[in-house]
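# Overview (structure and organization)
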Amino acid sequence: MSNGLLTKIASLFAISDEKAMWRVRMEDDAEAFAQLVSRWQPAIHGLCTRMLGDAHRGEDVAQEAFVRLYSRRELYQPSARFSTYLWRIAINLCYDELRRVKRRKETSIYNELGEAIIELEGFVAHDEEPRVVLEAQESAEQVKEALLQLPEIYRTVLVLRHYENLKFREIAEVLEIPEGTVKSRMTEAMSQLALLLKPKLSADLKFKTSANL
Amino acid sequence: MKHPAKEDLVSLLYEELPSDTQSELKAHLQNCAECQAQMTEWQQVQGKLRAWSVPRPASRSVPLPRLASWAAAALFMICVGFAVGRFTGPTVDAETIRASLEPQLRQALAQELNAAREADRRQVITMLTDIEEQRMADYTQLRKDLETVAVIADEKLTHTERVLRQANLFAQGPSR
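It should be emphasised that the depicted structure is a prediction, and the values quoted were computed from it without experimental measurement.

## Structural notes on a nonpolar patch on the surface
All names here are of chain B. A contiguous nonpolar surface patch, about 370 Å² in accessible area, is contributed by Phe76, Met77, Val80 and Val84. Along the polypeptide, Phe76 turns up in helix H4 (residues 64–87). By relative accessible area, which is 57% here, Phe76 ends up exposed.

Okay, here's the thing in structure tokens:
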């Protein structure tokens, strides 16, 4: 009897995503929604930031994804995996944002200033040597620029596989394409990145070789 | 030599192949410089990709330590209630205890969420107020600067006019 009681108490605090979303849909359960946001915000924020190459926009779009999740809660089907549903919402919003940015060709000085401040804060927040931090930031910037040069369909697959650690089969479900297509896009993404990052890769190899002399 | 499809190589790179296929591919890589070079290149790309880490945003939901403390408090109250009921009055079933505690827990969680939302809202309002104040200060300064320029320009024009009048008088010469 006590085991059953403890299980019931535990179920109050750790329900599955699907059950939580069901409660959101059927009962407008705010606590269940808060749990979903808490669990998924970091991953969705990471996806949006890497797809858009911009931390501010990434955060905005990630928040928009949860707003949309809530506002369209009646559309959620319990047979679908919650994660697949949420990834799809976030990716579609990223695509919308990329199209919007392309149309406006927006380069607000506040965006550039905001990003510069974030980079500066990142610089001073570290305890490591400034030179090490600067090199790390340069590497990150090169990777970001290279990713932004990839076509969106390749970038999506790469971000989901490499950074968010989804399996190819899961990515296929999210994007509603065959698994073989996912792997082909990933192959193409990796090959294009190898070319885009080539000068940096070669420079690293030369540095390591000369350091060993 | 028959090379594996690149899609299989990328599956191997991300460890998504069944173990028998994986062994076959690894055996091929040991004997094929071309495929090994491809794998090495992609492994370097993987290494580079790790350079870009995205800091996780500050969570806006109820912080876990608070939730944990509420959970611990709820568990303690349930255990106390259970023990008291067991040794004193008639037995009370678990459902009744849960039902009686649930509204209080829900209310407490809702209050925490509202407090967090209110704090966020106040922070946004403060930021917007600061931006507006800065904008007004910039506008006021700009207006002052423009007025100064206008005054200086006016003085210069008046001076120039005076000089021109004097030059004109000299040019006409003294009248007899």
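Text resumes after the structure shown.
## Focus: the interface of chain A and chain B
At the interface, 47 residues of chain A touch 36 residues of chain B. Across the chain A/chain B interface, buried area totals approximately 4100 Å², and carbon plus sulfur atoms make up 67% of it. Counting the contacts that link chain A with chain B gives 3 salt bridges. B:Glu16 is paired through a salt bridge with A:Arg161; the nearest N and O atoms lie 2.8 Å apart. Linking chain A to chain B there are 8 residue pairs in polar contact (both at pLDDT 80 or more).

## Looking at the packing of helix H1 (residues 6–13) of chain B against helix H3 (residues 33–49) of chain B
Residues and elements named next belong to chain B. At a closest axis distance of 11 Å, the pairing of H1 and H3 adopts a crossing angle of 50 degrees. Put simply, H1 runs oblique to H3. For the pair H1 and H3, the sense of crossing is right-handed. Counted together, Lys6, Leu9, Val10, Leu12 and Leu13 of H1 and Cys35, Gln38, Met39, Trp42, Gln43 and Gln46 of H3 form the full contact between these two elements.

## Quick notes on helix H9 (residues 168–175) of chain A
Extensive coverage of H9(A) is indicated by the burial of 6 of its 8 residues. Every buried residue of H9(A) is accounted for by A:Phe168, A:Glu170, A:Ile171, A:Ala172, A:Val174 and A:Leu175. Buried residues belonging to H9(A) abut helix H5 (82–104), helix H8 (152–163) and helix H10 (179–196) of chain A together with H1 of chain B. Residue A:Glu176 follows H9(A) closely and has a positive phi angle near 55 degrees.

## Re the packing of aromatic side chains
Inspection of every chain in the model, using the stated rule, returns 6 aromatic pairs over all chains. On the numbers, 6.4 Å between centres and 80 degrees between planes, the contact of A:Phe168 with B:Tyr14 is edge-to-face. One end of the pair, A:Phe168, is in helix H9; the other, B:Tyr14, is in the loop between H1 and helix H2 (19–31), on a second chain. For A:Phe168, a relative accessible area of 0% corresponds to the buried category. Of the aromatic side chains, those joined through ring pairs into one cluster are A:Trp40, A:Tyr76, A:Phe82, A:Tyr85 and A:Trp87. Its guanidinium or amino end placed over the ring of B:Trp52, A:Arg50 lies 5.6 Å from that ring's centre, counting from NZ or CZ.

## Observations regarding unusual backbone geometry
Residue and element names in this part refer to chain A. The phi angle at Asp28 is positive, at roughly 50 degrees, despite the residue not being glycine. With respect to the secondary-structure elements, Asp28 resides in the loop between helix H2 (17–27) and helix H3 (30–52). For Glu176, which is not a glycine, the phi torsion comes out positive at approximately 55 degrees. By relative accessible area, which is 60% here, Glu176 ends up exposed.

Criteria and thresholds
- Residues numbered from 1 in each chain as written.
- Chains lettered and ligands numbered in written order.
- Predicted model: local features only at pLDDT ≥ 70, side-chain atom pairs only at ≥ 80, totals over all residues.
- Heavy atoms only, no water.
- Patch = residues over 30% accessible without salt bridge, like charges linked within 9 Å, V, L, I, M, F, W, Y side chains within 5 Å.
- Areas by Shrake-Rupley, 256 points an atom, 1.4 Å probe, with all protein chains shown as cover.
- Salt bridge = Lys/Arg side-chain N within 4 Å of Asp/Glu carboxyl O.
- Helix = DSSP H or I, 4+ residues; strand = E, 2+ residues; numbered from the N terminus.
- Buried < 20%, exposed > 50% of the residue type's maximum accessible area, 1.4 Å probe, protein only.
- Contact = heavy atoms within 4.5 Å.
- Buried area = accessible area lost by both parts, 1.4 Å probe.
- Polar contact = N/O pair within 3.5 Å; in protein donor to acceptor, adjacent residues only side chain to side chain.
- Axes fitted to C-alpha atoms, helices over the stretch in contact; angles between N-to-C directions.
- Parallel < 35°, antiparallel > 145°, perpendicular 65-115°, else oblique.
- Left-handed = near helix turned anticlockwise from the far one by under 90°.
- Phe/Tyr/Trp six-rings, centres within 6.5 Å; stacked < 30°, edge-to-face > 60°.
- Lys NZ or Arg CZ within 6 Å of the ring centre and 35° of its normal.

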